[in-house]
Amino acid sequence: MPELPEVETTRRGLAPAVVGRKIAAAVVRNRALRLPVPRHLPHTIAGETVSALGRRGKYLLFSCHAGTLIVHLGMSGRLWLVERGTPPEPHDHFDLVMESGATVRLRDPRRFGLVLWTRGDPLRHALLAAMGPEPFDQSFDAAWLYRMTRSRRAPIKQVLMDGHVVAGVGNIYANEALFRAGINPRQAANRISRARYQILVEQVRATLQHAIGAGGSSLRDYVGSDGMAGSFQNQFLVYDRGGIPCQRCSTPIAAIRQGQRSTFYCPRCQR
DNA sequence: AATCTTTCCTGCCGGC
DNA sequence: TGCCGGCAGGAAAGAT
(Lines give C-alpha, C1' and ligand atoms only; values in the text may rest on other atoms or scores of the structure.)
Protein backbone atom coordinates (compact mmCIF):
# COMPACT_ATOMS: atom_id res chain seq x y z
CA MET A 1 0.00 0.00 0.00
CA PRO A 2 2.66 2.35 0.87
CA GLU A 3 2.57 5.81 -0.56
CA LEU A 4 3.86 8.84 1.29
CA PRO A 5 1.16 8.95 4.01
CA GLU A 6 1.65 5.28 4.88
CA VAL A 7 5.43 5.69 5.00
CA GLU A 8 5.12 8.82 7.14
CA THR A 9 2.71 7.03 9.48
CA THR A 10 5.23 4.20 9.77
CA ARG A 11 8.04 6.68 10.43
CA ARG A 12 6.15 8.39 13.23
CA GLY A 13 5.19 5.09 14.79
CA LEU A 14 8.70 3.64 14.77
CA ALA A 15 10.58 6.75 15.84
CA PRO A 16 10.07 6.48 19.61
CA ALA A 17 11.41 2.93 19.60
CA VAL A 18 14.51 3.59 17.50
CA VAL A 19 15.67 7.22 17.73
CA GLY A 20 18.47 7.53 20.25
CA ARG A 21 18.54 3.77 20.66
CA LYS A 22 21.34 1.33 19.99
CA ILE A 23 21.01 -1.45 17.43
CA ALA A 24 21.87 -4.86 18.84
CA ALA A 25 21.65 -6.80 15.59
CA ALA A 26 20.21 -7.00 12.11
CA VAL A 27 18.75 -10.28 10.88
CA VAL A 28 18.51 -10.95 7.16
CA ARG A 29 16.40 -14.00 6.30
CA ASN A 30 16.05 -13.31 2.60
CA ARG A 31 18.41 -11.03 0.68
CA ALA A 32 16.44 -11.19 -2.56
CA LEU A 33 14.53 -7.92 -2.52
CA ARG A 34 14.35 -5.55 -5.51
CA LEU A 35 18.06 -5.06 -4.94
CA PRO A 36 20.05 -7.54 -2.81
CA VAL A 37 20.35 -6.67 0.88
CA PRO A 38 24.10 -6.02 1.40
CA ARG A 39 25.92 -9.02 2.86
CA HIS A 40 27.88 -6.76 5.17
CA LEU A 41 24.79 -5.09 6.67
CA PRO A 42 24.51 -7.12 9.92
CA HIS A 43 28.22 -6.67 10.62
CA THR A 44 28.15 -2.98 9.70
CA ILE A 45 25.09 -1.93 11.65
CA ALA A 46 25.47 -3.87 14.88
CA GLY A 47 26.35 -1.48 17.68
CA GLU A 48 25.28 1.64 15.77
CA THR A 49 22.90 4.12 17.38
CA VAL A 50 20.01 5.58 15.37
CA SER A 51 20.31 9.36 15.61
CA ALA A 52 17.21 10.17 13.53
CA LEU A 53 14.48 8.48 11.53
CA GLY A 54 13.77 10.48 8.39
CA ARG A 55 11.77 10.15 5.21
CA ARG A 56 12.43 11.18 1.63
CA GLY A 57 9.47 10.44 -0.64
CA LYS A 58 8.58 6.86 0.15
CA TYR A 59 12.04 6.01 1.49
CA LEU A 60 12.70 5.66 5.23
CA LEU A 61 16.14 6.78 6.43
CA PHE A 62 17.61 5.38 9.65
CA SER A 63 20.52 7.75 10.30
CA CYS A 64 23.47 6.28 12.15
CA HIS A 65 26.98 7.53 12.87
CA ALA A 66 28.66 5.32 10.26
CA GLY A 67 25.99 5.66 7.58
CA THR A 68 22.28 5.40 6.83
CA LEU A 69 19.95 2.44 6.54
CA ILE A 70 17.58 3.03 3.62
CA VAL A 71 14.28 1.11 3.59
CA HIS A 72 11.59 1.16 0.90
CA LEU A 73 8.34 -0.77 1.23
CA GLY A 74 7.69 -1.38 -2.46
CA MET A 75 4.18 -2.54 -3.26
CA SER A 76 3.48 -4.88 -0.38
CA GLY A 77 5.97 -4.02 2.33
CA ARG A 78 5.11 -3.39 5.94
CA LEU A 79 7.43 -2.34 8.74
CA TRP A 80 6.29 -2.64 12.32
CA LEU A 81 7.39 -3.37 15.87
CA VAL A 82 7.39 -6.82 17.41
CA GLU A 83 8.85 -8.08 20.65
CA ARG A 84 12.29 -9.67 20.50
CA GLY A 85 11.95 -13.37 19.81
CA THR A 86 8.63 -13.16 18.00
CA PRO A 87 8.75 -16.06 15.52
CA PRO A 88 8.96 -14.88 11.90
CA GLU A 89 6.17 -15.71 9.51
CA PRO A 90 6.53 -16.23 5.77
CA HIS A 91 7.86 -13.12 3.95
CA ASP A 92 9.38 -11.67 7.13
CA HIS A 93 12.69 -10.94 5.38
CA PHE A 94 14.44 -8.54 7.74
CA ASP A 95 14.63 -7.57 11.44
CA LEU A 96 16.35 -4.67 13.14
CA VAL A 97 16.77 -5.72 16.75
CA MET A 98 17.25 -2.84 19.17
CA GLU A 99 19.20 -3.24 22.37
CA SER A 100 15.94 -2.53 24.23
CA GLY A 101 14.46 -5.67 22.70
CA ALA A 102 12.07 -3.79 20.43
CA THR A 103 12.37 -5.30 16.97
CA VAL A 104 11.56 -3.56 13.71
CA ARG A 105 10.32 -6.21 11.29
CA LEU A 106 9.96 -6.01 7.51
CA ARG A 107 7.35 -8.21 5.85
CA ASP A 108 7.16 -7.91 2.08
CA PRO A 109 5.48 -10.76 0.15
CA ARG A 110 6.14 -9.34 -3.31
CA ARG A 111 9.71 -8.31 -2.48
CA PHE A 112 9.67 -5.06 -4.43
CA GLY A 113 11.01 -3.36 -1.32
CA LEU A 114 14.59 -2.40 -0.49
CA VAL A 115 16.95 -2.56 2.47
CA LEU A 116 20.23 -0.77 1.71
CA TRP A 117 23.13 0.86 3.50
CA THR A 118 24.90 4.02 2.42
CA ARG A 119 27.79 6.03 3.83
CA GLY A 120 27.86 9.79 3.57
CA ASP A 121 24.88 11.90 2.57
CA PRO A 122 21.95 9.55 1.87
CA LEU A 123 20.26 12.19 -0.25
CA ARG A 124 23.12 11.81 -2.72
CA HIS A 125 22.51 8.09 -3.05
CA ALA A 126 21.65 7.22 -6.66
CA LEU A 127 18.09 6.24 -5.73
CA LEU A 128 17.38 9.52 -3.96
CA ALA A 129 19.51 12.12 -5.73
CA ALA A 130 17.22 12.62 -8.73
CA MET A 131 13.96 12.74 -6.80
CA GLY A 132 11.65 15.71 -7.14
CA PRO A 133 10.79 18.03 -4.25
CA GLU A 134 8.92 16.89 -1.16
CA PRO A 135 5.24 17.82 -1.46
CA PHE A 136 5.40 19.82 1.77
CA ASP A 137 8.59 21.66 0.80
CA GLN A 138 8.17 25.23 -0.40
CA SER A 139 10.14 24.38 -3.54
CA PHE A 140 7.12 22.35 -4.67
CA ASP A 141 4.95 25.15 -5.99
CA ALA A 142 2.92 26.18 -9.03
CA ALA A 143 5.96 27.67 -10.77
CA TRP A 144 7.83 24.38 -10.40
CA LEU A 145 4.95 22.32 -11.76
CA TYR A 146 4.42 24.74 -14.62
CA ARG A 147 8.09 24.66 -15.58
CA MET A 148 8.33 20.87 -15.31
CA THR A 149 5.37 20.33 -17.59
CA ARG A 150 6.11 22.64 -20.53
CA SER A 151 7.36 19.75 -22.68
CA ARG A 152 5.09 17.05 -21.24
CA ARG A 153 2.12 16.03 -23.36
CA ALA A 154 1.37 13.02 -21.17
CA PRO A 155 -1.78 13.05 -19.03
CA ILE A 156 -1.39 15.10 -15.84
CA LYS A 157 -2.11 12.08 -13.66
CA GLN A 158 0.88 10.19 -15.02
CA VAL A 159 3.10 13.26 -14.69
CA LEU A 160 1.96 13.78 -11.10
CA MET A 161 3.03 10.22 -10.31
CA ASP A 162 6.50 10.84 -11.75
CA GLY A 163 8.84 10.95 -8.78
CA HIS A 164 11.08 13.45 -10.56
CA VAL A 165 8.21 15.93 -10.55
CA VAL A 166 7.16 15.49 -6.93
CA ALA A 167 8.16 12.80 -4.42
CA GLY A 168 5.80 10.32 -2.83
CA VAL A 169 2.58 10.76 -4.81
CA GLY A 170 1.39 7.34 -5.99
CA ASN A 171 -1.73 6.08 -7.67
CA ILE A 172 -4.24 6.50 -4.86
CA TYR A 173 -3.27 10.04 -3.88
CA ALA A 174 -2.85 11.22 -7.48
CA ASN A 175 -6.47 10.21 -8.08
CA GLU A 176 -7.68 11.90 -4.91
CA ALA A 177 -5.70 15.12 -5.36
CA LEU A 178 -6.85 15.58 -8.96
CA PHE A 179 -10.46 15.20 -7.90
CA ARG A 180 -10.03 17.77 -5.15
CA ALA A 181 -8.36 20.13 -7.63
CA GLY A 182 -11.13 19.64 -10.21
CA ILE A 183 -8.64 18.59 -12.88
CA ASN A 184 -9.36 15.79 -15.37
CA PRO A 185 -6.61 13.16 -15.05
CA ARG A 186 -6.49 12.82 -18.85
CA GLN A 187 -5.65 16.48 -19.40
CA ALA A 188 -2.28 16.96 -21.11
CA ALA A 189 0.14 18.35 -18.53
CA ASN A 190 1.41 21.10 -20.84
CA ARG A 191 -2.11 22.44 -21.35
CA ILE A 192 -2.84 23.23 -17.71
CA SER A 193 -2.57 26.84 -16.52
CA ARG A 194 -0.38 28.23 -13.75
CA ALA A 195 -3.53 29.08 -11.80
CA ARG A 196 -4.76 25.50 -11.94
CA TYR A 197 -1.33 24.21 -10.93
CA GLN A 198 -1.53 26.45 -7.88
CA ILE A 199 -4.76 24.71 -6.93
CA LEU A 200 -3.21 21.32 -7.61
CA VAL A 201 -0.25 22.05 -5.32
CA GLU A 202 -2.65 23.01 -2.54
CA GLN A 203 -4.79 19.92 -3.03
CA VAL A 204 -1.86 17.51 -3.21
CA ARG A 205 -0.76 18.84 0.16
CA ALA A 206 -4.26 18.79 1.63
CA THR A 207 -4.88 15.23 0.45
CA LEU A 208 -1.61 13.93 1.89
CA GLN A 209 -2.12 15.85 5.12
CA HIS A 210 -5.57 14.39 5.64
CA ALA A 211 -4.32 10.90 4.87
CA ILE A 212 -1.45 11.21 7.34
CA GLY A 213 -3.93 12.44 9.93
CA ALA A 214 -5.98 9.30 9.38
CA GLY A 215 -2.94 7.05 9.77
CA GLY A 216 -2.75 6.33 6.05
CA SER A 217 -4.88 3.98 3.97
CA SER A 218 -5.22 0.29 4.71
CA LEU A 219 -5.84 -1.78 1.59
CA ARG A 220 -5.84 -5.53 2.00
CA ASP A 221 -3.58 -6.13 4.97
CA TYR A 222 -1.53 -2.98 5.46
CA VAL A 223 -1.19 -1.90 9.07
CA GLY A 224 0.91 0.79 10.71
CA SER A 225 3.93 0.41 12.95
CA ASP A 226 1.73 -0.36 15.93
CA GLY A 227 -0.23 -3.05 14.12
CA MET A 228 -3.28 -0.78 13.78
CA ALA A 229 -4.92 -0.18 10.43
CA GLY A 230 -5.13 3.30 8.90
CA SER A 231 -8.57 4.63 8.06
CA PHE A 232 -8.13 6.97 5.10
CA GLN A 233 -9.53 4.32 2.75
CA ASN A 234 -12.92 5.20 4.25
CA GLN A 235 -12.50 8.77 3.05
CA PHE A 236 -11.62 8.11 -0.58
CA LEU A 237 -13.58 10.48 -2.82
CA VAL A 238 -12.87 8.67 -6.09
CA TYR A 239 -10.28 5.90 -5.68
CA ASP A 240 -11.84 2.45 -6.15
CA ARG A 241 -15.27 4.06 -6.45
CA GLY A 242 -16.01 3.40 -10.13
CA GLY A 243 -19.74 3.63 -10.87
CA ILE A 244 -20.56 5.10 -7.45
CA PRO A 245 -22.21 8.56 -7.48
CA CYS A 246 -19.82 11.49 -7.03
CA GLN A 247 -20.20 12.90 -3.52
CA ARG A 248 -20.23 16.40 -4.94
CA CYS A 249 -22.52 16.11 -8.00
CA SER A 250 -23.89 12.53 -8.05
CA THR A 251 -22.48 11.77 -11.49
CA PRO A 252 -21.14 8.18 -11.51
CA ILE A 253 -17.37 8.05 -10.96
CA ALA A 254 -15.57 6.93 -14.13
CA ALA A 255 -12.96 4.14 -14.06
CA ILE A 256 -10.32 4.04 -16.80
CA ARG A 257 -6.78 2.76 -17.35
CA GLN A 258 -3.80 5.09 -17.71
CA GLY A 259 -0.32 3.67 -18.11
CA GLN A 260 -1.51 0.29 -16.83
CA ARG A 261 -2.82 1.89 -13.63
CA SER A 262 -6.41 2.39 -12.53
CA THR A 263 -7.72 5.93 -12.69
CA PHE A 264 -10.96 7.13 -11.12
CA TYR A 265 -12.49 10.55 -11.66
CA CYS A 266 -15.72 12.49 -11.89
CA PRO A 267 -16.41 13.39 -15.53
CA ARG A 268 -18.46 16.39 -14.42
CA CYS A 269 -16.39 17.85 -11.56
CA GLN A 270 -13.02 17.30 -13.28
CA ARG A 271 -12.37 19.14 -16.53
C1' DA B 1 -7.47 -14.97 -14.83
C1' DA B 2 -6.90 -10.38 -13.90
C1' DT B 3 -5.60 -7.05 -10.70
C1' DC B 4 -2.82 -4.34 -7.08
C1' DT B 5 -0.19 -0.17 -3.58
C1' DT B 6 6.28 0.84 -6.75
C1' DT B 7 9.97 1.85 -9.58
C1' DC B 8 13.51 0.92 -12.94
C1' DC B 9 14.76 -0.33 -17.50
C1' DT B 10 14.32 -0.82 -22.56
C1' DG B 11 12.97 0.45 -27.06
C1' DC B 12 11.13 3.73 -29.99
C1' DC B 13 10.16 8.29 -31.57
C1' DG B 14 10.85 13.21 -32.86
C1' DG B 15 13.70 17.32 -32.59
C1' DC B 16 18.01 19.52 -33.14
C1' DT C 1 24.93 10.83 -37.47
C1' DG C 2 24.49 11.13 -32.61
C1' DC C 3 22.39 12.78 -28.54
C1' DC C 4 18.57 14.01 -25.87
C1' DG C 5 13.93 14.02 -23.68
C1' DG C 6 9.57 12.05 -23.59
C1' DC C 7 6.65 8.20 -23.43
C1' DA C 8 4.64 3.40 -23.60
C1' DG C 9 5.31 -1.03 -22.16
C1' DG C 10 7.44 -4.64 -19.53
C1' DA C 11 9.67 -6.57 -15.64
C1' DA C 12 10.37 -8.00 -10.68
C1' DA C 13 6.67 -11.74 -7.26
C1' DG C 14 2.73 -13.09 -4.42
C1' DA C 15 -2.09 -12.85 -2.78
C1' DT C 16 -6.72 -12.61 -3.80
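All values reported here derive from a predicted model rather than from experimental measurement. (Residues numbered from 1 in each chain as written. Chains lettered and ligands numbered in written order. Predicted model: local features only at pLDDT ≥ 70, side-chain atom pairs only at ≥ 80, totals over all residues. Heavy atoms only, no water.)

**Considerations on the packing of aromatic side chains**
Going by this rule: Aromatic pairs are defined between Phe, Tyr and Trp rings, using the six-membered ring for Trp, whenever the two ring centres lie within 6.5 Å; interplanar angles under 30 degrees are classed as stacked, those over 60 as edge-to-face, and all others as tilted. Where helices and strands are cited, they refer to DSSP runs of H or I of at least four residues and of E of at least two residues respectively, numbered from the N terminus. Working definition: with a 1.4 Å probe on protein chains only, accessible area under 20% of the residue-type maximum means buried, over 50% means exposed, and in between means partly exposed.
On inspection of all chains with the given rule, the structure shows four aromatic pairs. Ring centres of Tyr 173 and Phe 232 lie 5.8 Å apart, and the angle between their planes is 35°; on these two criteria the pair is classed as tilted. One end of the pair, Tyr 173, is in helix α6 (residues 171-181); the other, Phe 232, is in the loop between α7 (194-213) and β9 (254-258), and 59 residues separate them in sequence. The pair formed by Tyr 173 and Phe 232 is uniform in burial state, with each residue classed as buried.

**Observations concerning unusual backbone geometry**
Phi at Asp 240 is positive, roughly 60°, even though this residue is not glycine. In the Ramachandran plot, Gln 260 falls in the positive-phi region, its phi being about 65° despite a non-glycine side chain. For Gln 260, the position within the fold is in the loop between β9 and β10 (261-265).

**Comments concerning the environment of Gly 216**
In plain terms, the rule: By the convention used here, residues are in contact when the closest approach between their heavy atoms is within 4.5 Å.
Assignment of secondary structure puts Gly 216 in the loop between α7 and β9. Residues Gly 216 and Glu 3, 213 residues apart in the sequence, show an inter-C-alpha distance of 8.5 Å. The contact partners of Gly 216, leaving out residues within four places of it in the chain, are Pro 5, Glu 6, Thr 9, Tyr 173, Ala 211, Gly 230, Ser 231, Phe 232 and Gln 233.

**Remarks on the state of the cysteines**
The cut-off we apply is this: Cysteine sulfur atoms that come within 2.5 Å of each other are treated as a disulfide pair.
Applying the stated criterion across every chain yields a total of zero disulfides. In this structure Cys 246 is not part of a disulfide, and its nearest cysteine sulfur, from Cys 269, lies 3.7 Å away. Its sulfur unpaired, Cys 249 is 3.6 Å from the next cysteine sulfur, which belongs to Cys 266. On the basis of relative accessible area, Cys 249 is assigned to the buried category, the value being 18%.

**Section: the domain arrangement of chain A**
The condition is simple: Boundaries of every domain are those given by an automatic assignment or by a domain database. Here the quantity called buried area is the total loss of accessible area, with a 1.4 Å probe, experienced by two parts when brought into contact, counted for both. Counting of polar contacts relies on pairs of N or O atoms within 3.5 Å, with two restrictions inside protein: one atom must be capable of donating a hydrogen and the other of accepting it, and residues adjacent in sequence are counted only when both atoms are side-chain atoms. Polar here means any residue outside two lists: the nonpolar Ala, Val, Leu, Ile, Met, Phe, Trp, Tyr, Cys and Pro, and the charged Asp, Glu, Lys and Arg; Gly therefore counts as polar.
Assigned domains of chain A: these are domain 1 (4-124) and domain 2 (142-265). Relative placement of domain 1 and domain 2: their C-alpha centres are 28 Å apart. Taken together, the 16 residues of domain 1 in the interface contact 16 residues of domain 2. For the pair domain 1 and domain 2, the summed buried area comes to about 1,300 Å², and 63% of that belongs to carbon and sulfur atoms. Ranking the residues of domain 1 by area buried against domain 2 places Pro 5, Glu 6 and Thr 9 at the top, with a combined share of 37%. Summed over the shared surface of domain 1 and domain 2, the result is three residue pairs in polar contact (both at pLDDT 80 or more). Breaking the side of domain 1 that touches domain 2 down by element, the ones donating at least two residues are α1 (4-18) and β5 (78-83). Counting residues per element, the side of domain 1 that touches domain 2 draws most heavily on α1, at nine residues. Looking at the side of domain 1 that touches domain 2, its residues break down into six nonpolar, four polar and six charged.

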